[in-house]
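Remarks on the overall topology
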Amino acid sequence: MNSESAAERVDTGKPHPARRYDYWLGGKDNFPADRESADAVAEAFPTIRMAAVENRNFLRRVTRYLTAEAGIRQFLDIGSGLPTAGNVHEIAQDIAPESRIVYVDNDPIVLVHSRDLLNSSPEGATAYMDADLRDPQRILTHPDLLATLDMTQPVALMLVAVLHFFPDDQQPFDLVRQLVEGLPSGSYLVMSHATNDYMDEMDVARTDEANERSGVPFQLRSTAEFARFFTGCTMVAPGITSVTAWRPEEYRPHPRAEAVAMLGAVARVP
């Protein structure tokens, strides 16, 4: 892994979803272009920081559920973003030290910081792949993935807050289908996605305009559209819901679903 060459590839003048998300979470690995793009979105959707935090909480709860209750020991986290507190391997290996995790992202700055994703427990393993969701077959056949995960055993495919960056013309449903078809029976598909369920036409138009100004392709989807990603899979209760309502572990005053506007779901691959 050549972090120096990765650093040279970082385009600080163009906003990137991973760095923008880092900014919303209060991180430091972002640049003026990322912050400007993020603030453009926040003008139309002022609770975006809250949405980012709640989405991260969803990821943590799902990882705990899959490890502790579903018995999953392998995770493929695509669009993992910049390392932060409570990465998938930290949560899973705290419960089951033998868990194995492969992270995938295509932002060079994530590669620079990927060493923070590789501090595996001795019993388990982690790997980082510099790859793109637009090439699912390369991901599924990559030597680093095959050296880390046993693709004859169930894998949790994590696509958390990723697919809303893929407008329909980029064939997102086909990309997910190809990935799911590459998983063994008993695997799981985990997704979260920004939604327009709680918006009227004016809200949608304002959000679309802000996303266009932000310089990052983005498409909100309804519950019905989101459900298409899970075609052929069996939903885990409570099914598709706000990320704040997916198996909350303790009572707390949750934000309103419309303030977060993120759907989440977990489904089992037959």
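See above for the structure.
Since the structure is predicted, the reported quantities are computational estimates derived from the model, not experimental observations.

1. Comments concerning the packing of helix α2 (residues 17-24) against helix α4 (residues 48-68)
Remark: α2 packs on α4, axes separated minimally by 9 Å, with the N-to-C direction vectors making an angle of 100 degrees. Relative to α4, α2 is oriented roughly perpendicular. On the side of α2, the interface is formed by Tyr21, Tyr23 and Trp24, while α4 contributes Ile48, Arg49, Ala52, Asn55 and Arg56. Its residues assigned to classes, the contact of α2 with α4 shows five nonpolar, one polar and two charged.

2. Quick notes on the packing of aromatic side chains
Inspection of the entire model under this criterion finds six aromatic pairs. For the ring pair Phe226 and Phe229, a centre distance of 6.4 Å and an interplane angle of 65 degrees mean the geometry is edge-to-face. Members of the aromatic cluster, each reached through a chain of ring pairs, are Phe173, Phe226, Phe229 and Phe230. In this structure, Arg228 packs its charged tip against the face of Phe173, placed 3.8 Å from the ring centre. Positioned above the aromatic ring of Trp246, the side-chain terminus of Arg247 is 5.4 Å from the ring centre.

3. Quick look at the environment of Asp150
Inspection of the secondary structure assignment puts Asp150 in the loop between α8 (143-148) and β4 (156-160). Residue class for Asp150 comes out partly exposed when judged on its relative accessible area of 36%. For the pair Asp150 and Arg49, spaced 101 residues apart in sequence, the C-alpha to C-alpha distance is 36 Å. At a separation of 2.7 Å, a polar atom in the side chain of Asp150 contacts the side chain of Thr152.

4. Here we look at the side chain of Asn30
Within the secondary structure, Asn30 sits in the loop between α2 and α3 (32-44). A polar side-chain atom of Asn30 sits 2.9 Å from a polar atom in the side chain of Asp22. Within the structure, Asn30 has its side chain in polar contact with the backbone oxygen of Gly27 (distance 3.2 Å). The contact partners of Asn30, leaving out residues within four places of it in the chain, are Arg19, Asp22, Tyr23 and Arg35.

5. Regarding the packing of α4 against helix α5 (residues 88-95)
Between α4 and α5, the least distance of the axes is 9 Å, while the angle of their chain directions is 35 degrees. In this structure, α4 meets α5 at a crossing whose hand is right-handed. Along the contact surface, α4 presents Leu59, Arg60, Thr63, Arg64, Thr67 and Ala68, while α5 presents Val88, Ile91, Ala92 and Ile95. Broken down by class, the residue content of the contact of α4 with α5 amounts to six nonpolar, two polar and two charged.

6. Points about the pairing of strand β5 (residues 188-194)
Most of β5 sits out of view: seven of its seven residues are buried. Neither face of β5 is open: one carries Tyr188, Val190, Ser192 and Ala194, the other Leu189, Met191 and His193, and all of them are buried. Here five bridges tie β4 to β5, and the two strands are oriented parallel to one another. The residue of β5 that forms the bridge with Leu159 is Met191. Bridge count for β5 against strand β8 (residues 262-268) is seven bridges, and the pairing is antiparallel. In the sheet register, His193 faces β8, and the bridge partner there is Leu263.

7. Describing the environment of Ala227
Mapped onto the fold, Ala227 is located in helix α11 (residues 223-227). Of the residues examined, Ala227 reaches a relative accessible area of 31% and is grouped as partly exposed. Spatially, the C-alpha atom of Ala227 lies 29 Å from that of Pro83, the residues being 144 residues apart in sequence.

8. Notes on unusual backbone geometry
With omega at 10 degrees, the peptide bond leading from Ala237 into Pro238 counts as cis. Mapped onto the fold, Pro238 is located in the loop between β6 (234-235) and β7 (241-242).

9. Let's talk about the pattern of salt bridges
Following the criterion strictly, the structure yields nine salt bridges and no others. The salt bridge partner of Arg64 is Glu249, with a shortest N-O separation of 2.8 Å. Here Arg64 is found in helix α4, whereas its partner Glu249 is found in the loop between β7 and α12 (257-260), with 185 residues between them in sequence. On the basis of relative accessibility, which here comes to 30%, the residue Arg64 falls in the partly exposed class. Linking Asp132 and Arg134 is a salt bridge whose minimum nitrogen-to-oxygen distance equals 3.0 Å. Within the structure, one salt-bridge network assembled from shared partners comprises Arg19, Asp34 and Asp107.

Quick notes on the rules
Residues numbered from 1 in each chain as written. Predicted model: local features only at pLDDT ≥ 70, side-chain atom pairs only at ≥ 80, totals over all residues. Heavy atoms only, no water. Axes fitted to C-alpha atoms, helices over the stretch in contact; angles between N-to-C directions. Helix = DSSP H or I, 4+ residues; strand = E, 2+ residues; numbered from the N terminus. Parallel < 35°, antiparallel > 145°, perpendicular 65-115°, else oblique. Contact = heavy atoms within 4.5 Å. Nonpolar A, V, L, I, M, F, W, Y, C, P; charged D, E, K, R; others polar. Phe/Tyr/Trp six-rings, centres within 6.5 Å; stacked < 30°, edge-to-face > 60°. Lys NZ or Arg CZ within 6 Å of the ring centre and 35° of its normal. Buried < 20%, exposed > 50% of the residue type's maximum accessible area, 1.4 Å probe, protein only. Polar contact = N/O pair within 3.5 Å; in protein donor to acceptor, adjacent residues only side chain to side chain. Left-handed = near helix turned anticlockwise from the far one by under 90°. Pairing = 2+ DSSP bridges. Salt bridge = Lys/Arg side-chain N within 4 Å of Asp/Glu carboxyl O.

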